[in-house]
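This is what each chain is made of:
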Amino acid sequence: MLRIQVRVTPGSRREALAWDGSSLRAWVRAPAREGEANAALIALVARYLGIRRYQVSIVHGAAAREKVLALEGLTLEEVQRRLGHTP
């Protein structure tokens, strides 16, 4: 299981996911209340990476902007390739 750090910006005008060299940056429209932004983050990551939502989980930082995600069935190289980043 791959663990990856992500910085989330809730309440954004856009929904996007980008690789910034060593971690992910995510922008979600959902506000940071009652788990809405976390649910939107999981759906966004799953959509961008072409995996199911149950393959994405938050393992650390559920109440913070800096989170650690666990991704099932992917390697770091696959994540980078699917996000259009060539290491």
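In the block above lies the structure referred to throughout.
Quantities reported herein were computed from a predicted structural model and do not represent experimental measurements. (Residues numbered from 1 in each chain as written. Predicted model: local features only at pLDDT ≥ 70, side-chain atom pairs only at ≥ 80, totals over all residues. Heavy atoms only, no water.)

(A) Quick look at unusual backbone geometry. Even without glycine at this site, E34 takes up a positive phi of about 50 degrees. Within the secondary structure, E34 sits in the loop between strand 3 (24-27) and helix 1 (36-49). Using a relative accessible area of 79% as the deciding quantity, one classes E34 as exposed. (Helix = DSSP H or I, 4+ residues; strand = E, 2+ residues; numbered from the N terminus. Buried < 20%, exposed > 50% of the residue type's maximum accessible area, 1.4 Å probe, protein only.)

(B) Spatial organisation of the sheet that holds strand 2 (residues 16-19). Read from one edge of the open sheet, five strands run 2-3-1-5-4, paired in mixed fashion. Lying at the two open borders of the sheet, with one neighbouring strand each, are strand 2 and strand 4 (56-60). Taking the axes of each pair of neighbouring strands and ignoring which way they run, one obtains an average angle of 35 degrees across the sheet. Pairing analysis gives six bridges linking strand 1 (residues 2-9) to strand 5 (residues 66-71), with the strands arranged antiparallel. (Pairing = 2+ DSSP bridges. Axes fitted to C-alpha atoms, helices over the stretch in contact; angles between N-to-C directions.)

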